[in-house]
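Chain by chain, the residues run as shown.
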Protein chains: 2
Amino acid sequence: IGEGSAARGDVDPLPSWNEGSAKRAILSFVSDVTSEGGPNYVAPEDRIATFDNDGTLWCEYPNYVPYLFIFDRVYDMASYHPEWNSTEPFSSILSGERTGAGSFSPGEVLEIYVATSSNMTAEEYMALARDWLDRSSHPDHGLPYTECVYKPMLELLSYLRSQGFKVYIVTGGDQDFVRAFSQEVYGIPPEQVIGSAVKHQFIEVDGNTSVVKLPEVQVVTDGRVKAEQIQQIVGLRPILAYGNSDGDIPMLKFATGGEGPSLGLLNHHDDPIREYAYDIGSSIGGLEEGLELAGEWGWEVVSMKEDWKYIF
Amino acid sequence: IGEGSAARGDVDPLPSWNEGSAKRAILSFVSDVTSEGGPNYVAPEDRIATFDNDGTLWCEYPNYVPYLFIFDRVYDMASYHPEWNSTEPFSSILSGERTGAGSFSPGEVLEIYVATSSNMTAEEYMALARDWLDRSSHPDHGLPYTECVYKPMLELLSYLRSQGFKVYIVTGGDQDFVRAFSQEVYGIPPEQVIGSAVKHQFIEVDGNTSVVKLPEVQVVTDGRVKAEQIQQIVGLRPILAYGNSDGDIPMLKFATGGEGPSLGLLNHHDDPIREYAYDIGSSIGGLEEGLELAGEWGWEVVSMKEDWKYIF
Ligand SMILES: [Ca+2]
Ligand SMILES: [Ca+2]
């Protein structure tokens, strides 16, 4: 056990993590950047940590949860859109012909996204999301999606917060969808959720005001856009970034490609018994380049099979 | 003195504010929303307050400070841009033919903005801003611009924070320009500054990464865009909004046009002796519709002459 271990007489802040390289790297890094007077000390206001959501904080397999939500919205909205029965990509969903995220092109997913996630306020959308989350459950695990969150990751979020970190979610999912449960499930307030979004419009009707979601894409927060949105919204380079797919590479490179101490981590879904095993070539959470770059960039590849005592 | 006054034996949290309607409204509102079990109690995580910057937190007259910064950047960059000597709007600045924000159209200002605020990282831009702020001073007050901040407003920011509010700046100025001094001057961290911005691009060179500012406008955070950006980035309706010009009206309407307790405030620059007097028809900080709407919407119009003991 390295010098960074908190096990020495203290309570272990990461009890669901097995001793190993990943846990050592986390404890050592946090100890380093929080040691006042030490060479790698980072002031609390600069302790920014950014986490991907799908596949990093909660289960994304066999289908991204935000996709399942908007696909179900197509069913719920279908009676108001008779034209969808003969219009792709909606007709394929309604007929059950195509199911699963992998059977739709990115453009089709965006079309479904804007059609089902607009013409209402964020509050209304979050209420729909909460209602859907309450009545949906994971097909294999039999749990509500909000309980398919990774226990070791919850411990890590709490630990980082206790050490003065400000923790953000940076997700390809709609940010209001994630904001609907981020506080309750992750302890992360809405303003620390940066996600994909549609355009917004301020409206006023009889002295009542609101900002509504428009049926037009504003930003898809994946790949290099994750790094760009972090800079735009947070205004700082993170010192810790944690993802699980190649879409997180720019975020990890941004965190670890500057001066000063930093830590990049990738969850590797390699546990077919307790969760799933997927990486190269997967249409969900594909991870290939990330595995190749990890050594060169010094990122920790977290084996969910070996590094985690518990998954959920 | 109303029931909201904190004067009863406690230390006055707003000593630079004269007793009057505005101070009473602030103290009463804060007392209301922080009284656990009271009918207007607001949980700490929902206590979002949004402040305009120019003319609300610091002096904007006779010229917006962010404009002065980018106009001076034109001088500083001119030797690299010989073509500017014969290209408007740059040539007018270099020849001294046109000075002052009011002599340039909004489109020209944007052109100057993107030309002078791009092709570098936010860190580099903030360093330029800090350097400029260190060597510039207000033409009338003879103080650095960062000391031309309103003392009563600093007290209000501190007071709100002490009462569990999360305080944001929502400004038409470039957000990195304001982030360069917001923590030091206002106690507001970069991630709580929402401003105008150019587009950003993630780049990687030899293993070093950064996000650079591109010469293209991303967002101009004025008017209804203020409300829209608050919803996008914070994800919540503010319960307090404070501005000083008609460009802040949608932000105030957003804060005060929902259900639940809220407070809208506008600084009225009506003190020609200690600061300036301007409102209707001013090319800087024009305030006309805001004065008309204040009564109907229940906003406090803060007389800088009557309500403030000190300006700076
Ligand atoms: Ca992911
Ligand atoms: Ca203003």
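Numbering of residues begins from 1 in every chain and follows the order in which that chain's sequence is written. Lettering for chains starts from A, numbering for ligands starts from 1, and both go in the order in which the items are written. Side-chain atom pairs in this predicted model are given and counted only at pLDDT of 80 or more, local residue features only at pLDDT of at least 70, and totals for whole chains, interfaces and linings cover all residues. With hydrogens and water stripped out, all remaining heavy atoms of the structure feed into the side-chain values.

Caption draft 1: Geometry of the domain arrangement of chain A. All names here are of chain A. Entries for chain A in the domain assignment read domain 1 (21-62 + 142-197 + 218-303) and domain 2 (65-120). Where domain 1 abuts domain 2, roughly 790 Å² becomes buried across the two surfaces, and 77% of that area is made up of carbon and sulfur atoms. Buried area adds together the accessible area that both of two parts lose upon being put together, with accessible area traced by a 1.4 Å probe. Among the residues of domain 1 in contact with domain 2, Tyr145, Asp174 and Phe177 are the three that bury the most area, contributing 48% of the side total. Each reported salt bridge corresponds to a side-chain nitrogen of Lys or Arg within 4 Å of a carboxyl oxygen of Asp or Glu. Linking domain 1 to domain 2 there are 0 salt bridges. Residue ranges for the domains trace back to a domain assignment, done automatically or taken from a database.

Caption draft 2: A look at the relation of the copies chain B and chain A. Note on the copies: chain B fits chain A at an RMSD of 0.0 Å, the axial shift is 0.0 Å, and the rotation between them is 180 degrees. The transformation relating the two chain copies, once decomposed into turn and shift, fits a two-fold axis. Proximity to the rotation axis, assessed at the C-alpha, singles out isoleucine 233 of chain B in chain B; its C-alpha lies 3.7 Å from the axis. Looking at chain B, 100% of its interface residues are interface residues in chain A too, so the copies touch through the same face. Least squares is the method used to superpose the copies, on C-alpha atoms of residues holding a pLDDT of at least 70 in both. By definition in these notes, contact holds between two residues if any of their heavy atoms fall within 4.5 Å.

Caption draft 3: Structural view of unusual backbone geometry. All names here are of chain A. The step from glutamate 88 to proline 89 runs through a cis peptide bond, and the omega angle for that step is 5 degrees. Mapped onto the secondary structure, proline 89 falls in the loop between α2 (65-77) and α3 (90-95). The backbone phi angle of asparagine 119 is positive, close to 60 degrees, even though this residue is not glycine. Along the chain, the position of asparagine 119 falls in the loop between α4 (106-116) and β2 (120-121). By definition, any uninterrupted DSSP run of H or I lasting at least four residues is a helix, any uninterrupted run of E lasting at least two residues is a strand, and each is numbered from the N terminus.

Caption draft 4: Layout of the nonpolar core. Only buried residues count toward a nonpolar core. Its members are Ala, Val, Leu, Ile, Met, Phe, Trp, Tyr and Cys residues joined through side-chain atoms within 4.5 Å. In this scheme, a residue with accessible area under 20% of its type's maximum is buried, one over 50% is exposed, and one in between is partly exposed, where area comes from a 1.4 Å probe on protein chains only. Trp17, Phe51, Leu156, Phe177, Tyr186 and Tyr242 of chain A are the most contacted members of the largest nonpolar core, which totals 70 residues. Here this core gathers at least three residues from each of two domains, domain 1 (21-62 + 142-197 + 218-303) and domain 2 (65-120) of chain A. With sequence-adjacent residues up to four places away left out, tyrosine 186 of chain A is seen in contact with Asn53, Leu57, Trp58, Val149, Leu154, Leu157, Arg161, Ile169 and Phe181 of chain A. Ile26, Val33, Leu157 and Leu240 of chain B belong to the second largest nonpolar core, which has 67 residues in total.

Caption draft 5: View of the packing of aromatic side chains. Residue and element names in this part refer to chain A. Aromatic contacts are taken between Phe, Tyr and Trp rings whose centres are within 6.5 Å, Trp giving its six-membered ring; a plane angle under 30 degrees counts as stacked, one over 60 as edge-to-face, and the others as tilted. Under the counting rule described, the total for this entry stands at 38 aromatic pairs over all chains. Between phenylalanine 69 and tyrosine 125 the ring centres are 5.5 Å apart and the planes differ by 70 degrees, which places this aromatic pair in the edge-to-face class. With phenylalanine 69 in helix α2 and tyrosine 125 in helix α5 (residues 122-135), this pair connects stretches of sequence that are 56 residues apart. For the pair phenylalanine 69 and tyrosine 125, a shared accessibility class is recorded, and that class is buried. Through a chain of ring-to-ring contacts, the aromatic side chains of Trp58, Phe69, Tyr125, Trp132, Tyr145, Phe177, Phe181 and Tyr186 assemble into a single cluster. Placement of a charge over a ring requires the Lys NZ or Arg CZ to be within 6 Å of the ring centre, with the centre-to-atom vector within 35 degrees of the ring normal. Directly above the ring of tyrosine 125 sits lysine 213, whose terminal nitrogen or CZ lies 4.3 Å from the centroid.

Caption draft 6: Here's a closer look at the coordination of the calcium ion (ligand 1). Residues and elements named next belong to chain A. Looking at the calcium ion (ligand 1), one finds its protein donor set to be Asp52 (OD), Asp54 (O) and Asn244 (OD1), positioned 2.2 to 2.3 Å from the metal centre. Distances define the donors: N, O and S atoms within 2.8 Å of the metal qualify, as do those within 3.2 Å of Na, K or Ca. Water is excluded, so some sites may look unfinished. Each donor residue of the calcium ion (ligand 1) lies on the same chain, and together they follow the pattern D-x1-D-x189-N. Linking aspartate 52 in the loop between β1 (48-51) and α2 with asparagine 244 in the loop between β6 (240-243) and α9 (249-256), this pair joins segments that are 192 residues apart in sequence. Neither residue differs from the other here; aspartate 52 and asparagine 244 are each classed as buried.

Caption draft 7: Highlighting the interface of chain B and chain A. Taken together, the 39 residues of chain B in the interface contact 39 residues of chain A. Summed over both partners, the interface of chain B with chain A comes to about 3,200 Å²; 49% of that surface belongs to carbon and sulfur atoms. Summed over the three residues of chain B that lose the most area to chain A, namely Glu191, Phe202 and Gln232 of chain B, the buried surface amounts to 21% of that side. Joining chain B to chain A, the criterion identifies 4 salt bridges. Taking the shortest distance from any N to any O, the salt bridge between lysine 166 of chain A and glutamate 191 of chain B comes out at 2.8 Å. Any pair of nitrogen or oxygen atoms within 3.5 Å is treated as a polar contact; in protein, a donor-acceptor pairing is required on top of that, and neighbouring residues in sequence qualify only through side-chain atoms on both sides. Inspection of the chain B/chain A interface yields 24 residue pairs in polar contact (both at pLDDT 80 or more). Residue assignment for the side of chain B that touches chain A shows that the elements contributing at least two residues are α5 (122-135), β3 (166-174), α7 (175-186), β4 (193-205), β5 (208-219), α8 (224-234) and α9 (249-256) of chain B. Throughout this entry, Asp, Glu, Lys and Arg are counted as charged residues, while Ala, Val, Leu, Ile, Met, Phe, Trp, Tyr, Cys and Pro are counted as nonpolar. The remaining residues, Gly among them, count as polar. For the side of chain B that touches chain A, the class distribution of residues is 15 nonpolar, 14 polar and 10 charged.

Caption draft 8: Structural detail: the side chain of threonine 116 of chain A. All names here are of chain A. Mapped onto the elements, threonine 116 comes out in helix α4. Engagement of the side chain of threonine 116 in a polar contact is seen with the backbone oxygen of isoleucine 112, the distance being 2.7 Å. Contacts of threonine 116, omitting those with residues within four sequence positions, involve Ile70, Arg73, Val74, Met77 and Tyr125.

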